[in-house]
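Listed here are the chains, written in short residue letters.
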Amino acid sequence: SIRQVIGDPGNLIVKYNPIDIDNVIDKSKEPVVDIDSWDEQKKNPDKNRPVRFVTVGRQNYQKSYLNLLEACHMLEREGLDFEMLVVGAKEPWGDETYRLECAMKRLGIKNVKFLGGRKNPYKYMAIADWFLSSSIFEGYSLVSQEAAVLDVPMLLTDVSGVRELLGDSEYGIVMEPSVVGIYEGMKSVIDNPSLHDIYKKKIMERKKI
């Protein structure tokens, strides 16, 4: 954009978000002790468990958690076995959290858990089958890059920066930023467990780049 406006001054460098890789990996190893399903999984590792999705981000309009709740409601009505963990603090302004609480009650959603703000989100990302972002707009998502560091397959809505990271669903699944788009993306990986290993290998390739 700068070149289009003023021409190339000869000193432009694009620097992507820096990731403290060692810090992310170290914190991801901290034990998770506040999720019942994770405790049950450790006690019974051979028992089938729900597909676990994790998303990380503040409870605000940008993250479009209302669309996510509607999509999860559709999946619940079909009887699909999944768990959606939302890690992120309430905003000190606005009423998005109130709207989310109302939607949870109105839809009677059981499979979504809002964990609130956490100093260490990486340990939750590390136990996820899929990292998911339902945002309707972003910059170049920092948390998605952190999920890539942890080799977590991704489902991301098609906003700014996502195709730079995932290509055309080459390294992860790119979803339409809508209720239906999120629903279809989640349903596809629940119905097709083999996609997990496929995209885990793909994101391990991508993170090297």
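Each chain has its residues counted from 1, following the order in which its sequence is written. Side-chain atom pairs in this predicted model are given and counted only at pLDDT of 80 or more, local residue features only at pLDDT of at least 70, and totals for whole chains, interfaces and linings cover all residues. Only heavy atoms go into the side-chain values, all of them from the structure, while hydrogens and water stay out.

Break down the overall build of the chain for me, citing the residues and quoting the values.
Under the DSSP-based scheme used, a helix requires at least four consecutive residues in state H or I and a strand at least two consecutive residues in state E, with every element numbered from the N terminus. Each helix and strand counted, the chain has ten helices and six strands in total. The C-alpha atoms of the chain give 18 Å as radius of gyration, which agrees with the globular expectation for 209 residues (17 Å, within 12%). Each of the three principal axes of the chain carries a C-alpha extent, and together these read 60 × 35 × 30 Å. Residues are treated as being in contact if the distance between any of their heavy atoms lies within 4.5 Å. Considering only intrachain contacts with a sequence separation of at least 6, the fraction spanning at least 24 residues in the chain is 72%. The protein chains shown are the only cover counted for residues, whose accessible areas, like all others here, come from Shrake-Rupley with a 1.4 Å probe. Summing over all exposed atoms, the chain offers an accessible surface of approximately 11,500 Å²; the carbon and sulfur share of this is 51%. Atoms considered for the radius of gyration are the C-alpha atoms alone. The globule rule reads 2.2 Å times the number of residues to the power 0.38.

How would you sum up unusual backbone geometry? Please name residues and give values.
The residue serine 64 is not glycine, and still its phi comes out positive at about 55 degrees. Position of serine 64 among the secondary structure elements: in the loop between strand 1 (51-56) and helix 4 (65-77). For serine 64, a relative accessible area of 7% corresponds to the buried category. Look at aspartate 151: it is not a glycine, yet its phi comes out positive at around 60 degrees. Along the polypeptide, aspartate 151 turns up in the loop between helix 7 (142-149) and strand 5 (154-157). Classification of residues uses two cut-offs on accessible area relative to the type maximum, computed with a 1.4 Å probe and protein chains only: under 20% is buried, over 50% is exposed, and between them is partly exposed.

Could you give me a rundown of the packing of helix 4 against helix 5 (residues 96-107), with the residues and numbers involved?
Only the stretch in contact is used when fitting a helix axis, every axis being a line fitted to C-alpha atoms; angles between N-to-C directions are given from 0 to 180 degrees. The contact between helix 4 and helix 5 brings their axes to 10 Å, and the two run at 10 degrees. By the angle class used here, helix 4 and helix 5 are roughly parallel. Facing helix 4, whose interface residues are Tyr65, Leu66, Leu69, Glu70 and His73, helix 5 presents Glu96, Arg99, Leu100, Ala103, Met104, Arg106 and Leu107. Three classes are used: nonpolar for Ala, Val, Leu, Ile, Met, Phe, Trp, Tyr, Cys and Pro, charged for Asp, Glu, Lys and Arg, and polar for all others, with Gly counted as polar. In terms of residue class, the contact of helix 4 with helix 5 is made up of seven nonpolar, one polar and four charged. An angle counts as roughly parallel when it lies under 35 degrees, as roughly antiparallel when it exceeds 145, as roughly perpendicular when it falls between 65 and 115, and as oblique in every other case.

Can you break down the pairing of strand 1 residue by residue, with the values?
Where burial is concerned, most of strand 1 is hidden: six out of the six residues are buried. Residues Val51, Phe53 and Thr55 of strand 1 are buried on one face, and the alternating residues Arg52, Val54 and Val56, pointing to the opposite face, are buried as well. Strand pairing follows a simple DSSP-based rule, namely that at least 2 bridges must link the two strands. Across six bridges, the pairing between strand 1 and strand 2 (residues 82-87) is parallel. When the bridges of strand 2 are listed, phenylalanine 53 appears paired with methionine 84. Here, the term right-handed applies to a crossover whose path from the first strand over the helix to the second runs clockwise when the strands point away from the viewer. Handedness of the β-α-β unit built from strand 1, helix 4 and strand 2 comes out right-handed. Summarising the sheet, strand 1 and strand 4 (residues 130-133) pair through two bridges and their orientation is parallel. Looking across to strand 4, one finds that phenylalanine 53 is bridged to tryptophan 130.

Hey, could you go over the sheet that holds strand 1 for me, with residue numbers and the actual values?
Strand order in the open sheet formed by six strands is 3-2-1-4-5-6, and the pairing between neighbours is parallel. Each of the sheet's edge strands pairs with one partner strand only, and the pair in question is strand 3 (112-116) and strand 6 (173-175). The mean inter-strand angle of the sheet, taken between neighbouring strand axes irrespective of direction, is 25 degrees.

Give me the lowdown on the nonpolar core, citing residues and values where you can.
Put simply, a nonpolar core is a bunch of buried Ala, Val, Leu, Ile, Met, Phe, Trp, Tyr and Cys residues held in one set by side-chain atoms that sit within 4.5 Å of each other. Within the largest apolar cluster, 30 residues are counted, with the highest numbers of intra-cluster contacts made by Phe53, Leu68, Met84, Trp130 and Met186. Taken together, the elements giving at least two residues each to this core come down to strand 1, helix 4, strand 2, helix 5, strand 4, strand 6, helix 9 (179-191) and helix 10 (194-208). A per-element tally of this core places helix 4 first, with six residues. Contacts of phenylalanine 53, omitting those with residues within four sequence positions, involve Phe82, Glu83, Met84, Leu85, Trp130, Leu132, Leu155, Met186, Val189 and Ile190. Formed by 29 residues, the second largest nonpolar core is a distinct cluster that contains Val24, Tyr122, Leu156 and Tyr171.

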